[in-house]
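# A closer look at the structure
Listed below are the residues making up each chain.
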Amino acid sequence: MELFDSLILGFSAAVTPTNLLFCLIGALLGTLIGVLPGIGPTATLAILLPITFFLPPLAALIMLAGIFYGAQYGGSTTAILVNLPGEASSVVTALDGYQMAKQGRAGAALAIAALGSFFAGTVATIGLAIAGPTLAGFALSFGPAEYFSLTIFGLLCATVLASGSVIKAIAMIGIGLVLGWVGTDVNSGSERLTFGAVELFDGIEFVVIAVGLFGIAEIIINLETPELRGLIATKISRLWPTRDDFQKAWPAVLRGTALGTFLGILPGGGATLSAFSAYTLEKKVSRQPQQFGRGAIQGVAGPEAANNAGAQSSFIPLLTLGIPSNAVMAMLLGAMTIHGITPGPSVMQNQPDLFWGLIASMWIGNLMLLVINLPMIGLWVKLLTVPYRLLYPAILLFCCVGVYSVSNRAFDVALAVGFGFLGYLFRKAKCEPGPLLLGFVLGPLLETNLRRAMLISQGSPSVFIDRPISLALLIASAALFLLLLVPAIRKTREEAFVDEEA
Amino acid sequence: MLKALKTFCIGALAVSATAGVAHAEWPKDRPIEIIVAFAPGGSTDVMARAMQPYLEKELGAKIVIINKPGASGEIAYTQLSQAKPDGYTFSFINTPGYLSMQVQRKLRYDPKSIQAVARIVDDPTAFVVKADSPLKSLKDLVAQAKANPKSVSVGSSGVGTDDHLATILLESAAGVSLTHVPFPGAGETRTALLGGHITVGGLNVSEFASGDTSSVRPLVHFGDKRSPEAPDVPMAQEQGFEVFMSSERGLAARRDVPADIRTKFSDAVKKVVDNPEFKEQAKKLSLPLAYLSGEEWEQQMPKRLQAFQDIWNKTPWVQ
């Protein structure tokens, strides 16, 4: 009953006119920047930070948090409509979402994404309220050895992302790993593959690669084949998902929510992995895995739920331990300290209205996002009927603005264009960019955690099997690997591939 | 189309012409750009944004903060060295990175073309352990490292940062061997420390004092006097180790910016640092304010630069 009282306290704090207004502003702003690729929540939070000095602490935090989860909603919109993922988690949404849009089912994809996100947000918020402090302790037990084993598991998942040849998928992961080497090595401080370019000292930005390989390459492909222009070949049949869509989507949403809530707690990489893992899981449990990559609604529903649940539960380490799990949480930490709040175990005891108010506002914010986003679907889908000759310069412009704004430099824009042409060649060679991006994201995580674990254990590799969580993850990876090798599964994969050729 | 281009060109010319005559009116005619060499959300960025409204009021000018992250600041400093010397571009500089990079690699800009304008913060490097750690003092730490070389792991915010350099200095002063574990930032170091994955976290005084202090315990800091933010934490010197290291933050401009503009700007920064309202903000952020004029700050730099050169010659921290 204590929880019930706390939630009532939270809602009474969050449902004041001021706080509701700032929740709405945050959610709207978040949706907007989520739709624009590249202009991420971190930069927006930084710009708005000085303004929040003059707001009451709770209103400030509610608005900043709203921007963060609002961006998660908005990010999937461009991924589905124009194959333009703005961040790591929406890469997966683009895989099947964009295919659905091409088949005239953009409305269904958007609706399922919004509904799935809302459900996941609700569950994760409740999870945060009930089990936050306990789960946070668990997150701390993830050290370098555990992250290494988790990343191994994630990389194996990456091979499942591809709908075509496994060999090509592995090759693409390899290219992604090499791209992840570029930059200054964290452990030794020496430069790798930078060719002396100061712009490459910190490696390549994710957005640069994603916008190039997905967004720009897509535009080139579309311009090459005149009959495909106008984005959608078929007529838009209906805006709302069918009964069949719902039936397929809801178990996927459930699984995605569970996975996302859990992985989101892990600081560093957890939230990114959640969408990828959810996709892998859906493809594995599906009776028609060959549908994935060709507009399977589960491929949108699962990852979208996982991604939003992960965004919600990444607040847990911040609020309960004072540990920011990503750049956005670091900004929120900054905002809290400016208001004289010390994030950590003491917040819940000393300022319960703030802690529970923020949690309650997240649910209210998610509800607002649903109300904002569902009626907008019609509008978004109409956008697709704009002639492509008018649409593509606009998409290209947003790509450039977004890429430039990541670090404010033109070098990145040129690099993204380069990746655009590379992506075009990949498409011609029937190589899919999804596994490449996962390799790129996970490669550096794998390497730094391996080296860190070995440093701390003073060179003894037994650390990976001595620690129970690490051991469990390695066993799970081995099981997944075997599953990939099982001939029967391989056969279905090849059948799928033959289908595509035919 | 051609006509539009023409109009645009004329417009651009008109704008640049007005900008050309504006020098006399500094700082009124356009916004002052202040470059932050780190991503939004970092401690330098948060400090810059906390100062922004106060500095705008002091100068009566608009200020725009531009993040130019990358290459531990080299990208930002290169940009500063290429800006027009008209007093409309400043950049934050952070030591020891600003100095140690001059030792460790060939740079894209000439460090002599940049002049410090004002120091704002002097934040001592500290060694922090988990609250339940058996280590009670720096002496305990050294004793354990002596008995069992490499068994003490020290997390830092990266290769060549103040935490890392302090570790190297301590190793040589105490004759011990520590295991240095670099992380991308202080947040990650803190997480690894709380999880018990590393023995010691190299954090700055402001970094642990602004967070939740119930689960961590500072052992020692490497400042040259007791810190007002953490008055109970002893200095390394008091424990018998002559190791000094801190991270300073301040503002710099091109050396050929007119002296009167630099002085006016430096004085405005001093007024902000002395402003009780800003002091209150700084206290919440645990910023150890320590204003120095550009000249005073620059006087200290050659000595520190030499110290880094000496460490580098003995143990280069980048292979």
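Residues numbered from 1 in each chain as written. Chains lettered and ligands numbered in written order. Predicted model: local features only at pLDDT ≥ 70, side-chain atom pairs only at ≥ 80, totals over all residues. Heavy atoms only, no water.

## Things to note about the domain arrangement of chain B
It is common to give the size of an interface as the accessible area that goes away when the parts come together. Residues and elements named next belong to chain B. Using the following cut-off: An automatic or database domain assignment supplies the start and end points of every domain. Contact criterion: two residues are considered in contact whenever any of their non-hydrogen atoms come within 4.5 Å of each other. Here the quantity called buried area is the total loss of accessible area, with a 1.4 Å probe, experienced by two parts when brought into contact, counted for both. Take a side-chain nitrogen of Lys or Arg and a carboxyl oxygen of Asp or Glu: if they are within 4 Å of each other, that pair is a salt bridge. Polar contact is defined as a pair of N or O atoms within 3.5 Å, subject to the rule that within protein one atom must be able to donate a hydrogen and the other to accept it, and that residues adjacent in sequence are counted only when both atoms are side-chain atoms. The numbering of helices and of strands both runs from the N terminus, where a helix is a DSSP run of H or I of at least 4 residues and a strand a run of E of at least 2. Nonpolar residues are Ala, Val, Leu, Ile, Met, Phe, Trp, Tyr, Cys and Pro. Charged residues are Asp, Glu, Lys and Arg, and all others, Gly as well, are polar.
Assigned domains of chain B: these are domain 1 (29-122 + 247-314) and domain 2 (124-246). Contact with domain 1, which involves 14 residues of that partner, is made by 15 residues of domain 2. Summed over both partners, the interface of domain 1 with domain 2 buries about 1,100 Å², with 58% contributed by carbon and sulfur atoms. It is Ser 247, Ser 286 and Ile 311 in domain 1 that bury the most area against domain 2; as a group they hold 40% of the surface buried on that side. Scanning the region where domain 1 abuts domain 2 turns up zero salt bridges. At the junction of domain 1 and domain 2, the tally comes to two residue pairs in polar contact (both at pLDDT 80 or more). At the level of secondary structure, the elements contributing two or more residues to the side of domain 1 that touches domain 2 comprise strand S9 (246-254) and helix H11 (294-314). For the side of domain 1 that touches domain 2, the leading source of residues is H11, giving four residues. Tallied by class, residues from the side of domain 1 that touches domain 2 come to six nonpolar, four polar and four charged.

## Some thoughts on the nonpolar core
Using the following cut-off: The definition of a nonpolar core used throughout is a set of buried Ala, Val, Leu, Ile, Met, Phe, Trp, Tyr and Cys residues joined through side-chain atoms within 4.5 Å. Accessible area is worked out with a 1.4 Å probe on protein chains only. A residue is then buried under 20% of its type maximum, exposed over 50%, and partly exposed in between.
Formed by 197 residues in total, the largest nonpolar core has its most connected members in Phe 265 and Val 269 of chain B. At 17 residues, helix H4 (residues 57-82) of chain A tops the list of elements feeding residues into this core. No fewer than three residues from each of domain 1 (29-122 + 247-314) and domain 2 (124-246) of chain B sit in this core. Not counting residues up to four positions away in its chain, the partners in contact with Phe 265 of chain B are Trp 26, Ile 34, Leu 55, Leu 59, Phe 90, Val 117 and Leu 251 of chain B. If you look at the next biggest cluster of nonpolar residues, it comprises 48 residues, including Ala 76, Ala 145, Phe 222 and Trp 317 of chain B.

## Details of the packing of helix H2 (residues 43-59) of chain B against helix H9 (residues 259-274) of chain B
Residues and elements named next belong to chain B. Put simply, the test is: All axes are obtained by fitting lines to C-alpha atoms, using only the stretch in contact for helices, and the reported angles, taken between N-to-C directions, cover 0 to 180 degrees. Every angle not falling under 35 degrees, over 145, or within 65 to 115 is termed oblique; those three ranges are roughly parallel, roughly antiparallel and roughly perpendicular. Definitions for this section: a left-handed crossing has its near helix turned counterclockwise from the far helix by less than a right angle. A right-handed crossing has that turn clockwise.
Two elements in contact, H2 and H9, have axes separated by 9 Å at closest approach and are oriented at 125°. Relative to H9, the element H2 lies oblique. As for how H2 packs across H9, the hand of that crossing is right-handed. Of the residues in H9, those touching H2 at Met 51, Tyr 54, Leu 55, Glu 58 and Leu 59 are Phe 265, Ala 268, Val 269, Lys 271 and Val 272. Broken down by class, the residue content of the contact of H2 with H9 amounts to eight nonpolar, no polar and two charged.

## Section: the pattern of salt bridges
Residue and element names in this part refer to chain A. Tallied over the entire structure, the rule returns 22 salt bridges over all chains. For Asp 244, the salt bridge identified is with Lys 248, shortest N-O distance 3.7 Å. You can see Asp 244 and its partner Lys 248 sitting in helix H10 (residues 243-264), four residues apart, about one turn around the helix. Judged by its relative accessible area of 41%, Asp 244 falls in the partly exposed class. Classification of Lys 248 as partly exposed rests on a relative accessible area of 34%. Residue Arg 451 pairs with Glu 447 through a salt bridge whose shortest N-O separation is 2.6 Å. In this pair, Arg 451 and Glu 447 both sit in helix H19 (residues 433-456), four residues apart, roughly one turn of the helix. You can call Arg 451 partly exposed: its relative accessible area is 29%. Here Glu 447 falls in the buried class, since its relative accessible area comes to 18%. What you see here is one network of salt bridges that share partners, running through Asp 185, Arg 192, Glu 447 and Arg 451.

## Points about the environment of Gly 196 of chain B
Looking at where Gly 196 of chain B falls in the secondary structure, it is placed in the loop between helix H7 (186-194) and strand S7 (200-204). Separated by 16 residues in sequence, Gly 196 of chain B and Asp 212 of chain B have C-alpha atoms that sit 16 Å apart.

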